[in-house]
Amino acid sequence: MIFSLHIQARSNPAMLEKILQTTRVRGFSIRSMDVKSCDTERLLKIHLTVESDRPQERLVTQLNKLGGIRELTALHAVADSAPLVERNLQKVSLMYPV
Amino acid sequence: MAGSGPAFEAGASREMNGAEYIVRKLISEGVDTLFGYPGGCVMPLYDALLESPIRHILCRHEQGTAFAANGYARSSGRIGVCLATSGPGATNLMTGLADAYMDSVPMVAITGQVPTALIGTDAFQEIDVLGMSLPITKQSFLVQAIDELPEILDQAFRIALEGRPGPVLVDLPKDIQLATLSEPTIPHLSGERISNTTTPAQWQQAIELMNTSRRPIIYGGGGILLGDAVSPFRQFVETTGIPAVFSLKGLGALPGDHPLNMGMLGMHGSVAANQVVQEADLLIAVGVRFDDRVTGKLSRFAPHAQVIHLDIDPAEIGKLRQAVCALPGDIKQSLKALTIKLNLLDWQSQCLERLEQDGFALPAQDGITGPHFMRLLSQTTRGQAIISCDVGQHQMWVAQHYAFDHPRKHLTSGGLGAMGFGLPAAIGAQLANSEIPVINVAGDGSFMMNAQELATIGRYRLPTKIIILDNQALGMVRQQQSVCYQGRYSEIDLSDNPDFCTLARAFGIPAQSISDPDDMAYAINKLLETPGPALLHVAIATEHNVWPMVKPGDANDQIITGANP
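Scope of this entry: the structure provided in the associated data block. (Residues numbered from 1 in each chain as written. Chains lettered and ligands numbered in written order. Predicted model: local features only at pLDDT ≥ 70, side-chain atom pairs only at ≥ 80, totals over all residues. Heavy atoms only, no water.)

### Observations concerning the nonpolar core
Residues and elements named next belong to chain B. The cut-off we apply is this: Here, the term nonpolar core denotes a set of buried Ala, Val, Leu, Ile, Met, Phe, Trp, Tyr and Cys residues that are joined through side-chain atoms within 4.5 Å. We call a residue buried when its accessible area falls under 20% of the maximum for its residue type, exposed when it is over 50%, and partly exposed in between, using a 1.4 Å probe and counting protein chains only. Under the DSSP-based scheme used, a helix requires at least four consecutive residues in state H or I and a strand at least two consecutive residues in state E, with every element numbered from the N terminus. For the domain bounds, the source is a domain assignment made automatically or taken from a database. Only heavy atoms enter the contact rule, under which two residues are in contact if any of them lie within 4.5 Å.
Counting residues in each nonpolar core, the largest one holds 62 residues, and the members touching the most others are I284, I308, F373 and I387. With 5 residues, the top contributor of residues to this core is helix α8 (residues 200-212). A domain split of this core shows at least three residues from each of domain 2 (200-358) and domain 3 (370-546). In contact with I387, not counting residues within four places along its chain, are L377, V398, Y402, F404, K409, H410, L411, I439 and V441. Core analysis: the next-biggest nonpolar cluster, separate from the first, contains 40 residues, C59, L423, I468 and C501 among them.

Structure below.
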């Protein structure tokens, strides 16, 4: 089963690692991930699409326990054969004086 | 111990550096004992500790400090605090933190880190402690600026205790410890228990299930103690009259001699306890997580039972076994709501009969046996000592035959199963409970994993007693090789153990050794009466195994006894 999660989390050191590690350890593999940092709110806004034969609830309850999670929405479950949403990503290069 | 200086009065406010602030924060949180080992990146903190009233216990290995803080927390219900330097100091803490995470023990670990400017440069004794600790802590923090320090420490002490307890790590770069914090205030934020999230309608559903059940069984675990629910749990059992079985961490929730106490279930549980669970039509799971050592083959565990599950952690409910009635939240409140009178006389007498027929029995074997010894130790101490176990066969013999009068007196590495836990955990327990006898029951393999902590016991002259059941082998591994690998013994021989009595005496600890069953009673009494620390070495046969046993992967109704392995 493939499903998506919208997560808002505090932008703490290792917050993203903790979410990814929990996802892996609980038996879910990541199909896609989109992360935006919102500096004014010190928040990470994460859209995660994951796949597993385990129930969605098992991941949602574990992620909900993590310190720093502000909001978590399980969006929908889709069948294995359904096409994933494609996203257009823009590559941005930053230059700064050294 | 260092004296109390005016600079360390809790609540006072002045300019101070990060290290001084941490010490003041520890005092304001009520920390009286700190287990640690100094090193380069925590030197400012050790300098600040010199003038504080906090009792610092210098263990002889950082793993010892973590297990000692762990034992302190388990035996007192208060937060255990340990301290180590960066790099190897921090990595050596990890097993103790993992153990606390698995068994929901409230701890705060403080680790030194290289200065912030050096982080990420592979500096001397630099390791990514924050990253390493993520999977084995409830939460980990890296303090990146001095202004973050007060809030992070507040959070650390709150998170360790609130809800389902657990360990929290705070990684502190050396420059943060030296940086000046202007006019800080030190609020005291004690842990808050979360309120109940269960509704009266859910309790009513549970009561209806209880009223219609003919063969209910309570399955109790470590959450009873962690939820401060021992007293309401006992009232619940007394009033409903439902027989109870327990996981390793639930032992003591009901007195060992209580007529409704069916004892431990699972891999080394009694035939009776496993049997009544397999026959039950209702399983009331209280503060448990359906661990595989308890359930055996999950799909065949309690096959006829509907499940009511009480737990403070919603993630545990339905994780492995679906509950028809989920009661997340404060166990204490839910137990009180479910305390009703039931009429279960027939079922009670069936359970009692099973217990008499198939409870834990003493083996008919030559020499000293673990079960005989533990039964005698239990009778001699009346189940009132704090027993700090290591991991292995002796741990199961304690669980089977020591009748604990309270779960806080049973210190055991349940989830992680960490050999080497027992001796340093006993040190922590002794420091938290100076009036209660503390006994480390170890195997010869486990004891050698943290034997250096004999020096800590010797240094502080702790009255901790040590019992080593020595079968000159890794007994539990040998047993599984015997039962599951056709007796192909691989790397289990420990016949070159040192002379444990000589080893103890080298640290100034008196010791004696016995091998004759007739000497057991005298030796136990002599051990307990010896002032200060003492060690008793007990020689047992290598061939003795722990029975009964459910093989890994088997169902609990496939349990084997020593008679039919």
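From this point on, the discussion continues.
### Regarding the interface of chain A and chain B
Under the convention used in this document: Note on definitions: buried area is the accessible-area loss of two parts on being combined, 1.4 Å probe, summed for both. By salt bridge we mean one thing: a side-chain nitrogen of Lys or Arg within 4 Å of a carboxyl oxygen of Asp or Glu. Side-chain classes follow a simple rule in which Ala, Val, Leu, Ile, Met, Phe, Trp, Tyr, Cys and Pro form the nonpolar group, Asp, Glu, Lys and Arg form the charged group, and the remainder, Gly included, forms the polar group.
Each partner contributes to the interface: chain A provides 13 residues, whereas chain B provides 15 residues. Around 1,100 Å² of area is buried between chain A and chain B when both sides are counted, 47% of it from carbon and sulfur atoms. Counting the surface chain A buries against chain B, the share from its top three residues, P13, K18 and K65 of chain A, is 36%. Where chain A meets chain B, there are 2 salt bridges. E151 of chain B is the salt-bridge partner of R10 of chain A, the closest N and O atoms lying 3.6 Å from each other. A total of 4 residues in the side of chain A that touches chain B trace back to one element, the largest contributor, which is helix α2 (residues 56-65) of chain A. Within the side of chain A that touches chain B, the residues separate by chemical class into 2 nonpolar, 5 polar and 6 charged.

### Focus: the side chain of H544 of chain B
Its location among the elements puts H544 of chain B in the segment after β20 (534-539). The residues contacting H544 of chain B, other than those within four sequence positions of it, are Q365, D366, I368, T369, Q393 and W397 of chain B.

### Concerning helix α3 (residues 62-76) of chain B
Residue and element names in this part refer to chain B. To be explicit about the condition: Here a helix's expected span is defined as the number of its residues, less one, multiplied by 1.5 Å.
Compared with an ideal rise of 1.5 Å per residue, which puts 15 residues at 21 Å, α3 spans 21 Å between its outermost C-alpha atoms and is within 8% of the ideal. Of all 15 residues in α3, 15 are buried; the element is thus mostly enclosed. Two residues or fewer past α3, G77 is found with a positive phi of approximately 80°.

### What to know about the sheet that holds strand β19 (residues 511-514) of chain B
Residue and element names in this part refer to chain B. What counts here: Following DSSP output, two strands are said to pair if at least two bridges run between them. The convention used is that axes are lines fitted to C-alpha atoms, helices contributing only their stretch in contact, and that angles between N-to-C directions extend from 0 to 180 degrees.
With parallel pairing, 6 strands are arranged side by side in an open sheet as β16-β15-β17-β18-β20-β19. Where the open sheet ends on each side, the last strands, each with one partner, are β16 (410-411) and β19. Note: strand β15 (residues 386-389) against strand β17 (residues 438-443), 4 bridges, orientation parallel. What sits directly across from I387, in β17, is I439. Together, β17, β18 (465-470), β19 and β20 form the strand contacts of helix α22 (residues 520-529), whose direction differs from that of β19 by roughly 165°.

### Here we look at the side chain of R321 of chain B
You can see R321 of chain B is positioned in the loop between β13 (306-311) and β14 (325-328). In this structure, R321 of chain B is in contact with F290, F301, A302, A305 and V307 of chain B, ignoring residues within four places of it in sequence.

### A few points about a nonpolar patch on the surface
Rules: Residues enter a patch when their relative accessible area is above 30% and they make no salt bridge; the linking distance is 9 Å between like charges and 5 Å between nonpolar side chains (Val, Leu, Ile, Met, Phe, Trp, Tyr). The Shrake-Rupley method, run with a 1.4 Å probe sphere, supplies the accessible areas, and residue values consider only the shown protein chains as cover.
A contiguous nonpolar patch, built from I30, M33 and V35 of chain A and spanning about 210 Å² of accessible area, is present on the exposed surface. Structurally, the position occupied by V35 of chain A is in strand β2 (residues 29-38).

### Thoughts on the packing of aromatic side chains
Each aromatic ring pair is characterised by the separation of its centres together with the angle its planes make. Our working rule: Stacked, tilted and edge-to-face are the three classes assigned to paired rings of Phe, Tyr and Trp, where Trp is represented by its six-membered ring and a pair needs centres within 6.5 Å; plane angles under 30 degrees give stacked, over 60 edge-to-face, the rest tilted. Put simply, a charge is over a ring when the Lys NZ or the Arg CZ is close to the ring centre, within 6 Å, and near the line of the ring normal, within 35 degrees.
Throughout the structure, instances matching the rule amount to 9 aromatic pairs over all chains. Between F3 of chain A and F28 of chain A the ring centres are 6.0 Å apart and the planes differ by 85°, which places this aromatic pair in the edge-to-face class. On the criterion of sequence distance, the pair formed by F3 of chain A in strand β1 (residues 2-10) and F28 of chain A in the loop between α1 (15-25) and β2 is long-range, its members being 25 residues apart. The burial state of F3 of chain A is the same as that of F28 of chain A; both residues are buried. In textbook terms, an aromatic cluster arises when at least three aromatic residues are bridged by ring pairs, as seen for Y219, F290 and F301 of chain B. Above the plane of the ring of Y489 of chain B lies R478 of chain B, whose end atom (NZ or CZ) is 4.4 Å from the centre.

### Describing the pairing of strand β2 (residues 33-36) of chain B
Residue and element names in this part refer to chain B. The following threshold applies: Handedness rule for crossovers: strands pointing away from the viewer, path from the first strand over the helix to the second running clockwise, crossover right-handed.
Burial of the side chains of β2 extends over both faces: T33 and F35 are buried on one face and L34 and G36 on the other. Once you follow β2 into helix α2 (residues 43-49) and on to strand β3 (residues 55-58), the crossover reads as right-handed. Bridge analysis of β2 against strand β4 (residues 80-84) gives 2 bridges, and the strand direction is parallel. Following the sheet pairing, F35 is matched in β4 by C82.

### Some remarks on helix α1 (residues 18-28) of chain B
Residues and elements named next belong to chain B. What counts is decided by this rule: Contacts described as polar in this section are N or O atom pairs within 3.5 Å, which, within protein, must combine one atom able to donate a hydrogen with one able to accept it, while residues neighboring in sequence count only if both atoms come from side chains.
Among the 11 residues in α1, 10 count as buried, and that is most of the element. Three or more residues of α1 are buried, namely G18, A19, Y21, I22, V23, R24, K25, L26, I27 and S28. The opening residue of α1 is N17, an N-cap whose side-chain oxygen sits 3.0 Å from the backbone nitrogen of A19. G30 occupies a position one or two residues after α1 and carries a positive phi of about 85°.

### Notes on the sheet that holds β3 of chain B
Residues and elements named next belong to chain B. Taken together, the 6 strands give an open sheet; going across it, the order is β3-β2-β4-β5-β7-β6, and neighbouring strands pair in parallel fashion. Two strands lie at the open edges of the sheet, namely β3 and β6 (139-142), each paired on one side alone. Going from strand to strand, the sheet's axes swing by 20° on average, the running direction of each strand aside. Of the strands in this sheet, β2, β4 and β5 (107-113) are in contact with α3, which crosses β4 at around 170°.

Shape descriptors only; they carry no functional weight alone.
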